[in-house]
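# Chains, contacts and geometry: an overview
Chain by chain, the residues:
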Amino acid sequence: MTRGRADVNPKKRLITWIIVLVFCCGCFYAYTRSRGSSALEYGSKSLRKFGSSYWRGDEDTTDTSTKHEEDADDGFIPKSFPVCDDRHSEIIPCLDRNLIYQTRLKLDLSVMEHYERHCPLPEKRYNCLIPPPPGYKVPIKWPKSRDQIWKANIPHTHLATEKSDQNWMVVKGDKVVFPGGGTHFHYGADKYLASMANMLNFPKNSMNNEGNVRTVFDAGCGVASFGGYLLAYDILTMSLAPNDVHENQIQFALERGIPAYLGVLGTKRLPYPSRSFELAHCSRCRIDWLQRNGILLLELDRILRPGGYFAYSSPEAYAQDEEDLRIFRAMSAFVERMCWKIAVKRDQTVIWVKPLTNDCYMQREPGTQPPMCRSDDDPDLVWGVPMEACITPYSNQVHRSRGSALAPWPARLTTPPPRLADLGYSDDMFIKDTELWQRRVEHYWTVFGQNLESDTFRNVMDMKANLGSFAAALTNKEVWVMNVVPEDGPNTLKIVYDRGLLGSVHNWCESYSTYPRTYDLIHAWTVFSDIERRGCSIVDLLLEMDRILRPKGYIIYNDKRSIAEVIKKYLGALHWESVAISDSQLVEQDEDDVVFIIQKKMWLTSESLKDSE
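Anyway, here's the lowdown on the structure attached to this text. Here the structure is a predicted model, which is why all the values come from computation and not from measurement.

## Focus on the environment of Met331
Among the secondary structure elements, Met331 is positioned in helix α9 (residues 322-337). Each C-alpha atom of the pair Met331 and Leu297 lies 9.2 Å from the other, and the pair is 34 residues apart in sequence.

## Section: the packing of helix α16 (residues 538-548) against helix α17 (residues 561-574)
Closest axis-to-axis distance for the α16/α17 pair is 11 Å, and the angle between their directions is 55°. For the element pair α16 / α17, the angle class is oblique. The handedness of the crossing between α16 and α17 comes out as right-handed. Residues Ile538, Val539, Leu542, Leu543 and Asp546 of α16 touch α17, and the partners they reach there are Ile563, Ile567, Tyr570 and Leu574. Partitioned by chemical class, the residues of the contact of α16 with α17 number eight nonpolar, no polar and one charged.

## Considerations on the packing of aromatic side chains
Tallied over the full model, the rule gives 30 aromatic pairs. A connected cluster of aromatic rings, assembled from ring pairs, spans Phe217, Tyr261, Tyr272, Phe277, Tyr497, Trp508 and Tyr512. Positioned over the ring face of Trp409 is Arg214, at 3.5 Å from the centre of the ring. The positively charged end of Arg256 is found above the aromatic ring belonging to Phe178, 4.2 Å away from the centroid.

## Quick look at the sheet that holds strand β14 (residues 459-462)
Here seven strands make up an open sheet; going across it, the order is β16-β15-β14-β17-β18-β20-β19 and the pairing mixed. Of all strands in the sheet, those with a lone pairing partner are β16 (502-506) and β19 (576-583), marking the two edges. Between one strand and the next, the sheet's axes are offset by a mean angle of 20°, whatever the strand orientation. Strands in contact with helix α15 (residues 527-534) are β17 (519-525) and β18 (549-560); relative to β18, the strand with the most contacts, it is inclined by about 70°. α16 rests against β14, β17, β18, β19 and β20 (593-600) of the sheet, and its axis sits at about 140° to β18.

## A closer look at the state of the cysteines
Throughout the structure, instances matching the rule amount to six disulfides. Linked covalently through their sulfurs, Cys84 and Cys128 form a disulfide whose S-S length is 2.0 Å. Torsion about the S-S bond of the Cys84 and Cys128 cystine: about 75°, corresponding to right-handed handedness. Highlighted residues: Cys84 in the loop between β3 (75-78) and α2 (97-103) and Cys128 in the loop between α2 and β4 (148-150), separated in sequence by 44 residues.

## Regarding the nonpolar core
Soluble globular proteins tend to pack their nonpolar side chains together in the buried interior. Grouped together as the largest cluster of nonpolar side chains are 127 residues, with contacts concentrated most on Phe217, Trp289, Phe310 and Phe528. Counting residues per element, this core draws most heavily on α17, which supplies eight residues. Shared between two domains, this core holds at least three residues of each, these being domain 1 (187-401) and domain 2 (413-611). Discounting residues that sit within four places of it in the chain, Phe217 has contacts with Met238, Leu240, Leu270, Tyr272, Phe277, Leu279, Ala280, His281, Leu300 and Ile303. Ranked by size, the runner-up nonpolar core spans 22 residues in total, among them Tyr192, Phe202, Val213 and Ile235.

What counts and how
Residues numbered from 1 in each chain as written. Predicted model: local features only at pLDDT ≥ 70, side-chain atom pairs only at ≥ 80, totals over all residues. Heavy atoms only, no water. Helix = DSSP H or I, 4+ residues; strand = E, 2+ residues; numbered from the N terminus. Axes fitted to C-alpha atoms, helices over the stretch in contact; angles between N-to-C directions. Parallel < 35°, antiparallel > 145°, perpendicular 65-115°, else oblique. Left-handed = near helix turned anticlockwise from the far one by under 90°. Contact = heavy atoms within 4.5 Å. Nonpolar A, V, L, I, M, F, W, Y, C, P; charged D, E, K, R; others polar. Phe/Tyr/Trp six-rings, centres within 6.5 Å; stacked < 30°, edge-to-face > 60°. Lys NZ or Arg CZ within 6 Å of the ring centre and 35° of its normal. Pairing = 2+ DSSP bridges. Disulfide = S-S within 2.5 Å. Core = buried A, V, L, I, M, F, W, Y, C linked by side-chain atoms within 4.5 Å. Buried < 20%, exposed > 50% of the residue type's maximum accessible area, 1.4 Å probe, protein only. Domains from an automatic or database assignment.

As structure tokens, this is what we get:
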């Protein structure tokens, strides 16, 4: 009997342990699901498997249980998407350093490869809604937003402490205030700009130089106060900084309503065509300009217009010690071989000017470094194109005209630029396109009806800008537009810049280089039809648009009615709502096209609500 019981007990114990193990695994699975594993669910197809994560809206009472609808194309349409956990509230999928660590990419940190774009594979994409941070509020409206934002919207105040002696930003109660200071201009960007205009002998000490300075590039921009104060001069600045140790610089800039883009001078060309900017600026931006045979200076040379300036404010320009003197001598010798000349030098600022013609290049001794670029090199191809350490010469037309031959601002907005001919476009086509988009924008505002206040929009994105005429039609409003030109279409971005507007090249099969919640209005003209033709996911694009759109922000969809019907089915899952829909044949489009206006609702996760109550 005793031996019999001993034979049975091990089996019972084994069964007991199996039950306990299964129970523990079940608990662990439930725990990971509730603690944010939904933020790591991948692939559009996988959305069918998940119901909503925790969600509650101040306006929406959508049922968040697991529900799906049938769809002819994909089989199912989710009635709710999972919500990423709060640690992903600022995710930038193609600039995610965690992705680099997880995929073990072998990148050269010394040349900033880790700050360049590295996108997840389609099956590894985030397919969840990005939650706002706890206590998030509708952003302060422009122009007040230039000087103050809600602290809860970007709950990162380390820069206020780290840069306390430089007046970047100051925390005051529930707001972050921007006094206008910078690393080199502690006493305010306004005084710094007046001094720079005085150095260059610009009329009335105005940086716009009677409309001849319109587009500016600011490398290592900090929180973009330099670009923010240039707006008062009718100057648009592309403020650029990476998501580096000074995290959230660009997020602060965009929250303030200042044009900005996440990027780095690394190994790839910047996403701007040649001859885009009248002025480039670097104020103690900690960039090693002499690295790799001066390749970064040569990239600045590529994007500067004939006669364009490079303003360099740094201790090296003042040469206070032997090391600073060595660097400045080396830079001066290098840019002299690039045919740049010193326009003016004062205190810790030196401003170089680029030549107007090819004359200097043709007079250089054979073998002079840096070399001229190959004749078959297209300086306007930028998407994923490696930088090259060579000088980009001017076209024959630019050489003969001794410059870009652009009209001063604001006339250049509606004056056909010479580079139209590069694309085979006539002046008449340009004028008709401008007039057409003026009518279309007027129609959009009619469709909006009573939903539009004068300060509704500040940050606007045109996902398929073509010649920039949508943005041109908005110049009488207090907005700025990021004109995006798809990388697989006509290379029209140079026309956008020649009109005095800003933009970037992008592939809409991938995520855009910006923080979540940065645009008030997104204009999508035929973008979905393009994505469908390329075989990319409409769902992925909808989720990306939701990521970059601010709560209470709007989308203007102008495309095929059939795609609009598909998008309608996702409105509930995305917590969007239809505002208006209109036939678009009123504005000279295909009879099958519609104008569909959508608004993103304000919503918070249960965790966010807990923290904000």
